2 protein chains.
Amino acid sequence: MMSYYTQPLARLIEEFQKLPGVGPKSAQRIAFHIIRQSNTAVEQFASALIDAKEKVNFCEQCFNHSTTPLCEICLDKDRQTSQLCVVAEPKDLYALERTHEYRGFYHVLQGLISPLEGIGPDDLKLRALLRRLEDTTLTEVILALPPSVEGDTTSLYIARLLKPIEIKLTRIAFGLPVGSELEYADSVTLSRAMQGRQAV
Amino acid sequence: MMSYYTQPLARLIEEFQKLPGVGPKSAQRIAFHIIRQSNTAVEQFASALIDAKEKVNFCEQCFNHSTTPLCEICLDKDRQTSQLCVVAEPKDLYALERTHEYRGFYHVLQGLISPLEGIGPDDLKLRALLRRLEDTTLTEVILALPPSVEGDTTSLYIARLLKPIEIKLTRIAFGLPVGSELEYADSVTLSRAMQGRQAV
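Parameters at a glance
Residues numbered from 1 in each chain as written. Chains lettered and ligands numbered in written order. Predicted model: local features only at pLDDT ≥ 70, side-chain atom pairs only at ≥ 80, totals over all residues. Heavy atoms only, no water. Buried < 20%, exposed > 50% of the residue type's maximum accessible area, 1.4 Å probe, protein only. Helix = DSSP H or I, 4+ residues; strand = E, 2+ residues; numbered from the N terminus. Pairing = 2+ DSSP bridges. Right-handed = clockwise from strand over helix to strand, strands pointing away. Contact = heavy atoms within 4.5 Å. Least-squares fit on C-alpha atoms with pLDDT ≥ 70 in both. Buried area = accessible area lost by both parts, 1.4 Å probe. Polar contact = N/O pair within 3.5 Å; in protein donor to acceptor, adjacent residues only side chain to side chain. Nonpolar A, V, L, I, M, F, W, Y, C, P; charged D, E, K, R; others polar. Core = buried A, V, L, I, M, F, W, Y, C linked by side-chain atoms within 4.5 Å.

**Let's talk about the pairing of strand S3 (residues 83-87) of chain B**
Residues and elements named next belong to chain B. Where burial is concerned, most of S3 is hidden: 5 out of the 5 residues are buried. For S3 and strand S5 (residues 140-143), the ladder comprises 4 bridges, and the chain directions are parallel. Each bridged residue has a counterpart across the sheet, and for Val86 the counterpart in S5 is Leu143. Taken together, the 4 bridges between S3 and strand S4 (residues 105-108) define a ladder with parallel strand orientation. Bridge pairing links Val86 to His107 in S4. Handedness of the S3-helix H5 (residues 90-99)-S4 crossover: right-handed.

**Topic: the side chain of His65(A)**
By the secondary structure assignment, His65(A) is in strand S2 (residues 65-66). Its relative accessible area of 6% is what places His65(A) among the buried residues. Discounting chain neighbours no more than four positions away, the residues touching His65(A) are Val56(A), Asn57(A), Phe58(A), Cys71(A), Pro90(A), Tyr94(A), Thr6(B), Leu9(B), Phe32(B) and Ile35(B).

**Focus: the relation of the copies chain B and chain A**
In the superposition of chain B on chain A (RMSD 0.0 Å, axial shift 0.0 Å), the rotation amounts to 180°. The superposition of one copy onto the other is thereby described by a two-fold rotation axis. Residues of chain B ranked by C-alpha distance from the rotation axis are headed by Ala46(B), positioned 2.3 Å from it. The residues that chain B uses at the interface reappear at the interface of chain A in 100% of cases, marking a shared surface.

**Examining the interface of chain B and chain A**
Each side of the interface is counted separately: chain B has 49 residues, and chain A has 49 residues. Carbon and sulfur atoms make up 69% of the surface buried where chain B meets chain A, a total of about 4800 Å² over both sides. Broken down residue by residue, the surface that chain B buries against chain A is led by Tyr4(B), Leu49(B) and Lys53(B), which jointly contribute 15%. Where chain B touches chain A, the interface holds 16 residue pairs in polar contact (both at pLDDT 80 or more). Of all the elements in the fold, those that place two or more residues in the side of chain B that touches chain A are helix H1 (7-17), helix H2 (24-36), helix H3 (39-55), strand S2 (65-66) and H5 of chain B. Its residues assigned to classes, the side of chain B that touches chain A comprises 23 nonpolar, 13 polar and 13 charged.

**A word on the nonpolar core**
Core analysis: the biggest nonpolar cluster contains 110 residues, and Phe16(A), Leu49(A), Phe16(B) and Leu49(B) have the highest contact counts within it. If we skip the residues at most four places from it in the chain, Leu49(A) touches Leu12(B), Phe16(B), Ile34(B), Val42(B), Phe45(B), Ala46(B) and Leu49(B).

Printed below as a string of structure tokens:
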């Protein structure tokens, strides 16, 4: 299918097709869009790629994305030092930041325990988490892991791991999303909502 | 929303968001994917961008994408010299090539007449088309323009333009797509199919 395009165009379409969620049609459309842009615009795009790859690493403390040894959140003096929120991936951290609700620190596990995918506890940033818990100003660890088999397994594993340590351990609530209708909720969500019921 | 990301990541997400069909969520997902790739892979992607932008121009004869003054199709000695197929955009040419049905030459108009978008006949490669028709080996011009107001207007305009020239002018057929059901066809398609009915 690629052979109809002139070679540099075929190569560009191929590169776009490698990206997650980009199929052959979108890749073609994006490549045609690119060659219609100015030289400067394309050079800026290319340098943004190189730049992000070169400069973005992980924070040595929380394993969020960072261009410096410690990330902006870990360096933020205005954060509450009593709370630590554990997430699976940086994207979860960004989602929580967008709520403007939580003002504590984070710890990014960089994955979830998944025997099916061959990911065990040692593949996650758990040892670093334990080291951080030696900080006595911490009073609560909040697990913000997804409501999935992997999220549940990892939460249970961490609960066992933290048992010897005297610290409050909580997990974010699962239930009906705000604005949704009971009749359209899947039964797993609904049973989680029942289990998590609270006194009014 | 961007401010939660470290700067080179924010910039990369912004670049991906500029692409057609890529929203904020996809842009984030793609950017995270990029920084997980090897240095070599990212450098190859960046160089594919620069390379395509630098090398891909338009064929001087048919206005298809080309890295050389004349494109591969125009230079192809095995093509039928009697037919010329007029399309709006290179992507239409690629779609026709994929059918392996047509073996003549092409002419890419690089647009369609659209008074609403301020695109008139002079914005299209029509003068170049007329010049190509001086070639006496040509016996048929096939209009492969879309069944839309713009496609119809442009087809009519070309029909008037070619009236003084003695050459067979045809337009590709419009009707029910193969495999579709009559009951689900929209009425415009169905009436086009009726108008285009042929003796069996």
